[in-house]
Amino acid sequence: MPGLFQRLLSTRRRRPRWDHQDPSVRAQAALQLDAGDHAALETLSRDSDAGVRQAALSRLSDPDTLLAWHQEAASPESLARLIDVIGGREQPALDLSRRLALVEQLSEQALLDALVAQGDNQKLRLTALARIDDEARLVHHASDNGIAAVRLAAAERVSSPGGLSTLVKQAKRDKQVARLARERLARQRADAEQQAAASAERERLLEALEAHAHRPWEPLYEARLKHWIKAWEPLADGADQPQHQRFDIAVARCRQRIAEHEHHHRELERVQREKATAKATREGILEALEQALNTVSENEPLTADAMDALASRWQLQSERWQSVSDDYGVSDAYAARHAELERRVQTLWQAWERLAQLDPELRQALEQGDDTAPLLARLDWPQALPPTALVAAARRQAAVAGETQAARDSDAPVWDDQALGTQLDQLEAELDGGRYRPAAQIQRQLRQQLDATPAALPAALEQRWKQLTARLAELRDWRGFVAAPKREELLTAIEALAEAREQSDAERHRRHQQLIREWRQLGDAAASRELAQRFRTASDALHTQLAAWESELANRERDNLERREALCEQLETLLDNPAEDADPDALRRIRDAAQEQWDQHWPVPKRRAAALGRRFARLRQRLQTLIDARAGDIASHKRELVAEAQRLAEQEGPAQQRADQAKQLQQRWRELGRAPKGVEQTLWRQFRSHCDTIFAARDALRGEQQARQQQRFDAMQALIDKLDAWQPTHAGERDVLDAALEEAQRLSPLPHSRRSEGMERRWQGIVHAREVTLERLELVAQARAWPDYRRWLEQTIAGTALDPEPPAALRKRLLQRQKQTPLSADDAEEALQRCLVQLSLLAGEPIPEALEPLRLEVQVARLNDALGRPPTPPEELEQTLLRLFTITPLEAELWTRYASSFDALLARLSSVGHEGVDTR
C-alpha cells in the first residue's frame, strides 16, 4: 500500500505546470515556455481560457506558424496576435517586405480590415486594403482611416450609388474624399439619366420600327427605315439582348416588306413586258395568217400542195393563238380580226371541199367536151381564190361552149378572130407551161369548132394554129420519151414489192400506195395496154397479199372515223348548249382532252379525213372562242372585285370589319374561277396588294390591342405584387384593400388566357388572405374595446349614467332593453352562458364542461344566422357584446361570477394578432 501512494505522488510531481488545472498557473507556465516548444504552445493556444491562449500566443513571433494555428482554430487572441505581428506592433517588427508578402496571401476579411486600420505602415495598409472587397468596409476606411492616402484609395474603390451616398455623409473629416464621392455620384447620376434617356429613345425607336413593319407601303417606306436604323446605331451599344432581338425582328420584317414590294414591282414590269410580247405575238400571228391567205390567193393555178401549206400554217398559228389566249386573254379588236380571217379561211376550205366532191363530174365533162357551166355554178368558186387547173379548164370549156353556141345561133358562119385569138393564146400559155392535158383539151375544142365551120381561117391564124398543133405533138412525144423509163422503173418497183415478203405489211402498204400515186401522175404519157396490164397485175397481187392487213386497217380506220365523228358531235352538243356559268378551266380541260382523243383516233379513211379535220378545227375554234368569252367575263368580275378591294382599303371604317369583308371578297374570288393566265396574275397581284393593306391595318390594330392588353397585364401584375407585398398592421387600412379592388375592377376583364387565369387565381388568394388579416385586425380592435363595454355594462347594472358616451348601436340596444320583458334569473344566466360559449367558439378556446350542452345549440344558431350573409368575426363579436346589454335583469352577483371568464376570452381575442381565429 505505501508503494502505491508513493507512485501516485511521484506521477503528480512529474506533470508539467502548463498542464495544471489552474488557468493562472497555466498562463504563467506559458510565459516561461521556450519559443521553440511549439507542441506545448500550440496546445495552450487552443486552451479554453482566454488568458492562457493569450500568454501562449505571446511567446510565438513567427507569422507563418501563427497563421497556420489561426486557420486551424481561430480565436480572438490568435487574431489579435496576428494583427500585432503583421501590423508591426511587435517589437522588433518583422521585415516589411515579408509582411507585405504575407498580406498579399491573406483572405480573412477581419484580419485584413484590422491591418488597414492598425497597420504601422502606409504601404502595408494599402496592400491590405487591396485585398478587401466589401464595399461597406471600404466606405468605413474611406471615412475613418487615419492615413489620407488610405482614405483616398478606399474612396476610389467605392462605386455603387448607395456606397457613394453613404460616403458623402460620413466623410466629413476629409474634404477631398467627400468631393471625390460627390463628383462620382453626380457622374453616375448623370450617366444613369443619360442611359435612361437612351433607353427611352431605344424603346421609342423599337416601337416605331415595330409599327412601321405593319404599315401600308408608301414611297418613303425604305427611307424611313434607313433613318431609324441610322438613329439606332449610336444607341445599340447600351441595348440589352431582348432589345437587340426586337430590333433585328422589326428590321427583318421591314426589309421583307421592302423585298415583297420590289418583287411586286418586278412582277408588274414582267407582266407589262409579257403583255407587250403577247401583243406583238398576236400581231405576228395575224400577219402570218394574212400572209398565208395572200400566198394562196397569189398561187395560180391553185394546187393541193398550196392548200396543204395553208392548212399547216393555219394549224400552227392557231395553236400559238390558243396558247396566248389562255395566258393573257384576247381583246375584242384582235378577236374580230381573227374571226374575219377564220371566216375567209373557212370560205376557201368549203370551196375546196365542193371541188373535191365535183372533181369526177368536172373531169368527165372535160373529157367528153360537155358544157361545164352548170357544174361551175354548183361549185361557186370564190373570186379571191385562184382557180386550180381543173377549174381553169372547166371555165375555158364553158367559155368555148358559150362561144360555140353563140356562133351556132348566128345566121352567118363567120369567125370571131378575137375569140379565136384568145383561145390560141390560152393554148400557147398551156404549152409554154408544159401542161399537156389542158393544152390537149383546148386543141380538141378548137378542132371541133373548125370542123363544124365551113368558112376558112385567116392566113395568120391558120399558120399559128398549125404551129401550136405541131408543138402539142412534140410535147406529147416528149412526155412519152420521159415517162417511158419512169414507167419501167415503177413496174420494176411494184413487181419487186410483190415479191418482198420479208417487209412488214404496213411498210409494203405504204410503198404500194406511193407507187400507185406516182403511176397516176404520169397520166397517158408512154402508156400502153401491156404496161398497164403488168402494173395492174402486180397491184392486184399486192392487194391479195395484204388483204387481211388492209381489211384490219379499214376496220381500224372506220372505228377511228366513228370515234372522231362522235367526238365532233359531242363538241357540237356542248357548243350548241353552253352553260352560262361554265368554268373556263373546265372548258380548257375539255379542249385538251378532245385534242388528245382526236390524235389517238388515227388513221381514218383519206376521203373523209380532210373534211372531218376541218370540221374539228371549226369546233375547236368555237370552243376557244367560248373559253375566251368566259375567261373575259371572269376577268371583268375580278376587276370589279379589285375595285371593291381598293375602295375597302381606302375606307376609314373598323379594321376588323374591313378584314372580314376582304375575306368575303377572297371567297368570291375563289368561286369565280380563273381568268386568262396573264390577266389572272395581274389582277391577283392588285387584289392581294389591297387585301394586304387591309390585313396590315387589322394586324396593326391587333398589335395596338395586344400592347394595351400587355399594359393591362403589366398593371395587374404590378397591382398583384404590390398587394402581395402589403401587410396590414391595423384595422384602419381596409381602404388600401378597397382601392386595390377598385383598381382591379378597372383593369378587368383581362384577355382570356392561361396567364390571366393564373393571375386571377393568385389575385383571389391574396385578396382573401388580406381580408382574413384585416378581419383579424378588426377582431383584435373590437376585442380591445372590451374594457369600455365592461364599464358600460357595469354602469348599466348599477343604474348609473354611462360614461363616456357609448356608440349609437349600444344606445339602440339599451332602448330595446327598456321595452323587453324581464327574464327570470335562470333565463338570464342561460343567456349569459350562451354569450360566453359563443365567445369561446369565436376565440377557439375550450368550452367549460358545465357549458358543453350549450355548444350544439349555439352552433345551430350561428348557422341559422349565416343563411343570409354570414357575419364577419368582428361583426359577430360586436353582436355578442351588444347582446350582453339586452339581458335583463342582469344581477351584479351573476355578472361577478362570469366576468373573469369574459375577461380571459376577450384578452385572448385582443392578443391573437395574426394568429388563427375561427372565422366560420
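Conventions used here
Residues numbered from 1 in each chain as written. Predicted model: local features only at pLDDT ≥ 70, side-chain atom pairs only at ≥ 80, totals over all residues. Heavy atoms only, no water. Helix = DSSP H or I, 4+ residues; strand = E, 2+ residues; numbered from the N terminus. Buried < 20%, exposed > 50% of the residue type's maximum accessible area, 1.4 Å probe, protein only. Contact = heavy atoms within 4.5 Å. Areas by Shrake-Rupley, 256 points an atom, 1.4 Å probe, with all protein chains shown as cover. Axes fitted to C-alpha atoms, helices over the stretch in contact; angles between N-to-C directions. Parallel < 35°, antiparallel > 145°, perpendicular 65-115°, else oblique. Left-handed = near helix turned anticlockwise from the far one by under 90°. Nonpolar A, V, L, I, M, F, W, Y, C, P; charged D, E, K, R; others polar. pLDDT = per-residue confidence, 0-100. Polar contact = N/O pair within 3.5 Å; in protein donor to acceptor, adjacent residues only side chain to side chain. Expected span 1.5 Å × (residues − 1). Arc of directions from axis to C-beta.

Re the overall build of the protein chain
No. 1: For the protein chain, the helix and strand inventory stands at 37 helices and 0 strands.
No. 2: Out of the 920 residues belonging to the protein chain, those deemed buried represent 39%.
No. 3: Sequence-distant contacts, at least 24 apart, represent 71% of the contacts inside the protein chain between residues at least 6 apart.
No. 4: About 52,000 Å² of surface is accessible on the protein chain, with carbon and sulfur atoms providing 50% of the total.

Overview of the packing of helix α9 (residues 122-130) against helix α11 (residues 148-156)
No. 1: Closest axis-to-axis distance for the α9/α11 pair is 9 Å, and the angle between their directions is 15°. The angle between the axes of α9 and α11 places the two elements in the roughly parallel class. Relative to α11, the crossing made by α9 is right-handed. Along its contact with α9, which presents Q122, R125, L126 and L129, the element α11 presents A149, V150, A153 and A154.
No. 2: Looking at the contact of α9 with α11 residue by residue, the classes come out as 6 nonpolar, 1 polar and 1 charged.

Quick notes on the confidence of the model for the protein chain
No. 1: Summary statistics for the protein chain give a mean pLDDT of 78 and a share of 87% for residues scoring 70 or more.
No. 2: Contacts from residues 1-13, a stretch scored under 50 in pLDDT, to residues over four places away or in other chains number 0 contacts.
No. 3: Below pLDDT 50 for its whole length, residues 913-920 participates in 20 contacts with residues either more than four positions away or in separate chains.

Considering the side chain of Q243
No. 1: Position of Q243 among the secondary structure elements: in helix α15 (residues 241-298).
No. 2: For Q243, a relative accessible area of 10% puts it in the buried group.
No. 3: A polar contact of 3.3 Å, which involves the side chain of Q243, links it to the side chain of R202.
No. 4: Excluding anything up to four places from it in sequence, Q243 contacts S199, R202, E203, L206 and W232.

Side note on helix α30 (residues 734-747)
No. 1: Taking 1.5 Å as the rise per residue, α30 with 14 residues should run 20 Å; its terminal C-alpha atoms sit 20 Å apart, in good agreement.
No. 2: Buried residues of α30: L737, A740, A744 and L747, and no others. All buried residues of α30 fall inside an arc of 80° around its axis, so they share one side. Away from its buried face, by an angle of more than 90 degrees, α30 presents the exposed residues D735, E742, Q745 and R746.

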